[in-house]
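Fold and contact review
Residue-level listing of the chains:
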Amino acid sequence: MPATLLVVGEVADGRLARLSAEIASFAVGLAAAGGGAVVGLIVDAAPDLAAQEFAAYLPRVVSVASGAVADGVWAPHAAAEARRLVDEGVTHVLASVTNDGRDVAGLLCGGLGWGILANASAASWDGDAIVVEATVLAGKAIARSTVDAPNAIVTVRAGAAEAMELAKSGAIETRVPVGVPAVPAAAVLDRVAEAGAEVSLEEAKVVVVGGRGVAGPEGFGLVDELAALLGGVTGASRAAVDAGWIPYARQIGQTGKVVRPALYLSLGVSGAMQHRAGMQGSQNIVAVNRDPDAPIAEIADLFVIGDLFEVGPALAAELRARRGG
Amino acid sequence: MTQSGPILGSTRLTEEQVLLREAVRVLADERVAPRAAAIDRDGAFPEDIRQLLAEHDVFAIPFAERHGGLGADLLTLILAIEQLSRACATTGLILAVQALGAIPIQGAGTPEQQDRWLPGLASGEKLIAFALTEPDAGSDPSGIRTKAVRDGNDYVIDGGKRFISHASVADYVVVFAVTNPEADKPSRRLSAILVETDRPGFTVARVEHKMGLRGSPTAELAFEGLRVPVANRLGEEGQGFAIAMQTFERSRPGIAAQAVGIAQGALEAAAAYAGQRRQFGRPIGELQMVQAMLADMDASTEAARHLLYTACEEIEAGNTDAARWAAIAKLVAGDTAMRVTTDAVQVFGGYGYIDEYPVERMMRDAKITQLYEGTQQIQRLIVARSLLARG
Amino acid sequence: MRILVMTKPVPDPAANAERLGANLRLDRAASPTVVNGNDEYGLEAALQLVQAHGGEVAILTMAPATGVETMRKALAMGAMSGVLVADDALAGADIPTTIRVLAAAAATQAWDLLIGGLDTSDGAGGVVTAGVAARLGLPLLSAAARIEPDPAARRVRVQRLSAKGHDLLEAPMPAVISATQALGTPRYPTLKGIMAARTRQITMLTLADLGADMLPIGGQWPSRVLGVLPPPSRAAGRTVTGDPAAQAREIADYLADQRII
């Protein structure tokens, strides 16, 4: 029975989220392997640009202009639109591993009772059933899981696929919203930007992280400097966040953000398990720490034993010199 | 199965006991441990620690809920004393002596007496001490000379006590005095009388300078014409000796807990040091002689701990030979603490002898656990007698 | 105010001993069990709210019968009562079943706010609280960094973590909230709290108490783990010592080799 995969796209400031493009390509690959169809969904107050961007990756995009999303939370509306598409024949729903994506997945699961496969980094078919791979047990293993049913909801992780544009952009179908969502949407009274929170750690190619060794908010100046020189973003370990040196939005770890940048560079991070769970998928790991026995040494490609307040500035100087400025 | 054998299976802590032990451990690590060296150096009762224990309801542990306590059992109290003593033996003793002094009131006091005195002790607002020992009466209580002579509705107490923990900071002291000099049996001569320390005639004659437990004031008391209402007597006249012996059944485990805590603290300090101190190109913890010492320290501390926990369960369950259980726990724990702390100093080498490191203090603190609350020799007599009686 | 907090007993992350058992399900005996971290943040927020507004906090857990032990800590922190759904038929329950069961159990209690963790340290799916909101047909205020109820007006405001900072949400009560670490450090149980927890009521429910259709048809969990692979191994790294300037050069060389700079 041919499947129809629905990718629920996310929109940030009117543009398609980078992760949604990746998941679109992930779904295209999966549909091709199983002989099924793919469709994307964009729900936003002003969806046109994001829908066009999405259509670069998918043969078909349903674009819903929903004024309600301007001042109401997005997930119930997206879930309601996804439900309509399920009624029209969608067999599998793919959402992002983000707060919004997981909310849509959860709302759909509660409404439909479909099985959920979470945090997929790869997927394939076993007959009608999707089989996914996901990292489990705080990074200790990769589990292959399935739902023995022709329907499932899958949440897909960043880095599961490269976003690949199709040779020809897909068709965009605009629709009016389905109406009041099954689950009432809370009102959004305000959207507040907090200094230091505007960052997408999960999408950054370079992350420079400060830990307990940074010894205070001033120390993050050095972290920021290196992040700027490397074109990256500042992150923090839980110790630094708990100490109040930097906002929680920057926390990388099991209870913070999970990142897999091309470069993870840390200063004064010991590398407790709960932190490693948030960054061990990074392509290159460089860690600076005074303690030769710091656990992060176990996964670092380069483990630099030294005082971060000496190595850090030296590295900044070296990077400037190589840049010629 | 003889009467002294365990009437319960092996000890498993309840979830509640685990939570409580953890809560006290966190308090000890975060608030008590940083003060331990200074308390020893200053040699004065740490009033701030007493406040801390009061604020965190630690004093409430051995008291019934109707008196404002937590209604916990003996094992729970022991867990708390052990965790505090791990960080600071003086602090462990603050709780242990409070519990000790209250036992005569809990065991022999009237409901009215309990309502009068126990709530203040449970809240930590009032401190209590236990005064049995005299210059001529240490291991042998028959040497007690302090007398309490009936005069109308009062007793008039004359005499003195020696080596009484916390008597110089206590609000109440339970004094064991001769009220029945002509009693047929020597063990029926004494009564237990609670004395409020602000009464005229109660004097702290001196406070000792000790080898260890320096933050715990050990006082010599003098009583001169000290007038106390008869209503302050706990139990019947002549019941004092029995009250004291029954008290020890529940208080000796407290000292055993202090000893196990001291041993554990010393063990942890030595193990950490062995992991870091490098000689001959590697941590000394990789050298077999050091490993052997640490292993023996760990094994004997663990053994003392489990014997103590089992003793608490037996005593709480009403085992008829509670005295033997209390004695055997205190005996093993005290000797273990002395051995483990001595070996801990050895692991540290020369550094173990200077006060920059905590183990010399722990060794000095450990010694008292072999001396007070009944010397090890007295404990051995109790254990032997019980064994031979079981035949 | 009445607040019901969903808590899940999970393997203690600090023990770092998570593993699957022979049946390819999480081996829950391999580590000591603790309350899931995000649930504790939610519980702490709930306790502060009833301290400020009056009322009580209750705990809801779906777990084996040993779950009462993990509930004790929540009760020791100040929750007044607990509901434990324990049934052998729920061993290894999948997410849709968990959602159905929690929603049905929550529906047996009266509350103004239902709080669950954003996700769990063992499953990390992050969908259950949302699923429960859907089953109950109630507003979901997820990823909460701050919760501000107005009991008199029967409305609640939540600061929801966003990419830029936070969004300020509002919904009528009753409402469902998912909790994050940003809510603040959970209190340590006091000794009084630990002892008081003994006498607090834990209501035990089985599937029979929750009505029909809790379990999937056919009695098998449709979701299952097929197999486990070790994670991709990293090539061994190297250690860099020396003076800071030399170390900086070596790092920069490495970054150049890896085409980062």
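Predicted, not measured: the structure shown is a model, and the values here were computed from it.

With that settled, consider the overall build of chain B. Regarding its fold elements, chain B presents 11 helices and 10 strands. Taking 21 Å as the expected radius of gyration for a compact globule of 391 residues, we find that chain B reaches 21 Å, a close match to that expectation. Reported as C-alpha extents along the three principal axes, the dimensions of chain B are approximately 80 × 50 × 40 Å. Considering only intrachain contacts with a sequence separation of at least 6, the fraction spanning at least 24 residues in chain B is 75%. Here chain B has roughly 16400 Å² of accessible surface; of this, 51% comes from carbon and sulfur atoms. Across chain B, the centroid of the 40 positively charged side chains sits 4 Å from that of the 50 negatively charged ones.

This part is about the nonpolar core. In this structure, Leu113 and Ile147 of chain C are the most contacted members of the largest nonpolar core, which totals 126 residues. Take this core: its biggest share by element is 14 residues, from helix 9 (residues 322-348) of chain B. Among residues more than four places away in sequence, those in contact with Ile147 of chain C are Ala45, Leu49, Leu113, Ile115, Val156, Arg157, Val158, Ile177 and Leu183 of chain C. Formed by 57 residues, the second largest nonpolar core is a distinct cluster that contains Val90 and Ala95 of chain A together with Val127 and Leu210 of chain C.

A word on the interface of chain C and chain B. If you look at the interface, chain C gives 11 residues, while chain B gives 15 residues. Summing both partners gives a buried area of about 1300 Å² for chain C against chain B, and 68% of it is carried by carbon and sulfur. For chain C, the biggest contributors to the area lost against chain B are Tyr188, Leu191 and Met195 of chain C; these three give 46% of the whole. Counting the contacts that link chain C with chain B gives two salt bridges. Of the charged contacts, one joins Arg198 of chain C and Glu16 of chain B as a salt bridge, the two residues approaching to 3.2 Å between their closest N and O atoms. Across the chain C-chain B interface, the total number found is three residue pairs in polar contact (both at pLDDT 80 or more). Within the residue set of the side of chain C that touches chain B, elements represented by two or more residues are helix 2 (67-77) and helix 5 (191-196) of chain C. In terms of residue class, the side of chain C that touches chain B is built from six nonpolar, no polar and five charged.

On the basis of which strands lie adjacent, the open sheet formed by 10 strands has the order 12(A)-9(C)-8(C)-7(C)-10(C)-6(C)-1(C)-4(C)-5(C)-11(C) and mixed pairing. At either margin of the open sheet sits one strand with a lone partner, and together these are strand 12 (187-193) of chain A together with strand 11 (201-205) of chain C. Sheet twist, expressed as the mean angle between neighbouring strand axes with direction ignored, is 30°. Taken together, the seven bridges between strand 8 (residues 155-161) of chain C and strand 9 (residues 165-172) of chain C define a ladder with antiparallel strand orientation. Among the inter-strand pairings, Arg160 of chain C is bridged to a residue of strand 9 of chain C, identified as Asp167 of chain C.

Moving on, we come to the side chain of Asp301 of chain A. Along the chain, Asp301 of chain A falls in the loop between strand 16 (284-289) and strand 17 (302-305). With near-sequence residues (within four places) excluded, Asp301 of chain A lies in contact with Gln283, Asn284 and Ile285 of chain A together with Arg234, Ala235, Gly237, Arg238 and Tyr254 of chain C.

If you trace the six strands from one edge of the open sheet to the other, you get 14(A)-13(A)-15(A)-16(A)-17(A)-13(C), paired in parallel fashion. If you trace the sheet from one side to the other, it starts and ends with strand 14 (233-236) of chain A together with strand 13 (238-240) of chain C, each paired once. Across this sheet, the average inter-strand angle for adjacent strands is 20°, counted without regard to direction. Where strand 16 of chain A lies against strand 17 of chain A, four bridges are found, and the strand directions are parallel. The residue bridging Asn289 of chain A from the neighbouring strand is Ile305 of chain A, located in strand 17 of chain A. In the packing of helix 6 (residues 244-257) of chain C onto the sheet, the strands contacted are strand 15 (263-267), strand 16 and strand 17 of chain A together with strand 13 of chain C, and the crossing angle to strand 17 of chain A comes to about 170°.

Quick look at a nonpolar patch on the surface now. Nonpolar side chains collect at one region of the surface, where Tyr351, Tyr353 and Ile354 of chain B lie side by side and expose about 350 Å² of accessible area between them. In this fold, Ile354 of chain B is placed in the loop between helix 9 and helix 10 (359-367).

On to the interface of chain C and chain A. Between chain C and chain A, the contact holds 78 residues from the first and 80 residues from the second. A buried area of about 6400 Å², summed over both sides, lies between chain C and chain A, and 58% of it is on carbon and sulfur atoms. When the buried area of chain C at its contact with chain A is split by residue, Lys164, Gln181 and Arg234 of chain C rank highest and sum to 12% of it. Viewed at the interface, chain A and chain C are joined by seven salt bridges. Across the salt bridge formed by Lys164 of chain C and Asp13 of chain A, the nearest N and O atoms sit 2.8 Å from each other.

Glancing now at the environment of Ala75 of chain A. Residue and element names in this part refer to chain A. Looking at the secondary structure, you find Ala75 in helix 3 (residues 74-87). Using a relative accessible area of 5% as the deciding quantity, one classes Ala75 as buried. Linking Ala75 and Glu218, residues 143 residues apart in sequence, is a C-alpha distance of 38 Å.

Moving on: the arrangement of the chains. The top pair by number of contacts, from a total of two pairs of chains in contact, is chains A and C. In this view chain A stays clear of chain B, with the nearest C-alpha atoms of the two still 11 Å from each other.

All names here are of chain C. For chain C, per-residue confidence averages 91 on the pLDDT scale, and residues scoring 70 or more make up 99% of the total. Here strand 3 (residues 33-35) stands out as the least confident element of chain C, with mean pLDDT 85; strand 1 (residues 2-6) is the most confident, with 98. Predicted as a complex, the structure gets a pTM of 0.82 and an ipTM equal to 0.91.

Here we take up the packing of helix 8 (residues 288-316) of chain B against helix 9 of chain B. Residue and element names in this part refer to chain B. Helix 9 packs onto helix 8 with a crossing angle of 160° between their chain directions and a minimal axis gap of 9 Å. As summarised for this structure, helix 8 and helix 9 are arranged roughly antiparallel, according to the angle between their axes. The two elements helix 8 and helix 9 meet at a crossing, and its hand is left-handed. Here the contact of helix 8 with helix 9 is composed, by residue class, of 19 nonpolar, five polar and three charged.

Let us now look at the side chain of Asp40 of chain B. Residues and elements named next belong to chain B. Within the secondary structure, Asp40 sits in helix 2 (residues 36-42). Judged by its relative accessible area of 10%, Asp40 falls in the buried class. In this view, Asp40 contacts Arg214, Arg361 and Arg364; residues no more than four positions away in its chain are not counted.

Each regular strand carries side chains that alternate between the two faces of the sheet. Residues and elements named next belong to chain B. Here strand 3 (residues 154-165) pairs with strand 7 (residues 218-229) via nine bridges, running antiparallel. When the sheet's bridge partners are listed, Asp154 is paired in strand 7 with Pro229. Alignment of strand 6 (residues 202-207) against strand 7, held across five bridges, turns out to be antiparallel. In the strand pairing of strand 7, Val207 is matched with Ala219.

To continue, consider the pattern of salt bridges. All chains considered together, the criterion is met by 49 salt bridges over all chains. Note that Arg191 of chain A is salt-bridged to Asp167 of chain C, the shortest N-O span being 3.6 Å. Pair noted here: Arg191 of chain A is in strand 12 and Asp167 of chain C is in strand 9, and the two residues belong to different chains. Note that Glu170 of chain C is salt-bridged to Arg155 of chain C, the shortest N-O span being 3.2 Å. One end of the pair, Glu170 of chain C, is in strand 9; the other, Arg155 of chain C, is in strand 8, with 15 residues separating them in the sequence. Residue classification places Arg155 of chain C among the partly exposed positions, given a relative accessible area of 33%. Ionic contacts of the salt-bridge type, sharing partners, join the residues Glu22, Arg25, Asp29, Arg86 and Glu268 of chain B into one network.

What counts and what doesn't
- Residue indices follow the written sequence of each chain, beginning from 1 at its first position.
- Each chain is given a letter, starting from A, and each ligand a number, starting from 1, according to the order in which they appear as written.
- Residues qualify for local features only when their pLDDT is at least 70, as the model is predicted, and side-chain atom pairs are given and counted only at 80 or more; totals for whole chains, interfaces and linings, by contrast, use all residues.
- By convention in this description, side-chain values take in all heavy atoms of the structure and omit both hydrogens and water.
- For the purposes of this entry, the term helix denotes a DSSP run of H or I that reaches at least four residues, the term strand denotes a run of E that reaches at least two, and both are numbered from the N terminus.
- For the radius of gyration, the atom set is restricted to C-alpha positions; the globular benchmark scales as 2.2 Å times the number of residues to the power 0.38.
- Throughout, a contact is declared for two residues whenever any of their heavy atoms are within 4.5 Å.
- With residues, only the protein chains shown are counted as cover, and all accessible areas are computed by Shrake-Rupley using a 1.4 Å probe.
- The convention is simple: Lys and Arg are positive, Asp and Glu are negative, and His and the chain ends are not counted.
- Throughout, a charge is located at the NZ atom of Lys, the CZ atom of Arg, the CG atom of Asp or the CD atom of Glu.
- Buried Ala, Val, Leu, Ile, Met, Phe, Trp, Tyr and Cys residues that are joined via side-chain atoms within 4.5 Å together make up what is termed a nonpolar core.
- Per-residue accessibility, obtained with a 1.4 Å probe over protein chains only, is compared with the maximum for each type, and a residue is labelled buried under 20%, exposed over 50%, and partly exposed between these values.
- Here's the idea: put two parts together, see how much 1.4 Å probe accessible area each one loses, and the total over both is what we call buried area.
- Criterion for a salt bridge: a side-chain nitrogen of Lys or Arg within 4 Å of a carboxyl oxygen of Asp or Glu.
- Pairs of N or O atoms are called polar contacts if they sit within 3.5 Å, as long as, within protein, a hydrogen donor faces a hydrogen acceptor (for residues adjacent in sequence, only side-chain-to-side-chain pairs).
- By the convention adopted, Pro, Cys, Tyr, Trp, Phe, Met, Ile, Leu, Val and Ala count as nonpolar, Lys, Arg, Asp and Glu as charged, and the other residues, Gly among them, as polar.
- Strand pairing requires that DSSP identify at least two bridges connecting the strands.
- Under this scheme, a helix contributes an axis fitted over its contacting stretch, all axes are lines through C-alpha atoms, and angles between N-to-C directions fall in the 0 to 180 degree range.
- Put simply, a patch holds well-exposed residues, over 30% relative accessible area, that have no salt bridge, with like charges counted together within 9 Å and Val, Leu, Ile, Met, Phe, Trp or Tyr side chains within 5 Å.
- How sure the predictor is of each residue is captured by pLDDT, a score from 0 to 100.
- These descriptions rest on fixed angle ranges, namely under 35 degrees for roughly parallel, over 145 for roughly antiparallel, 65 to 115 for roughly perpendicular, and the rest for oblique.
- By the definition used in this description, the sense in which the near helix is turned from the far one sets the handedness, with an anticlockwise turn below a right angle giving left-handed and a clockwise turn giving right-handed.

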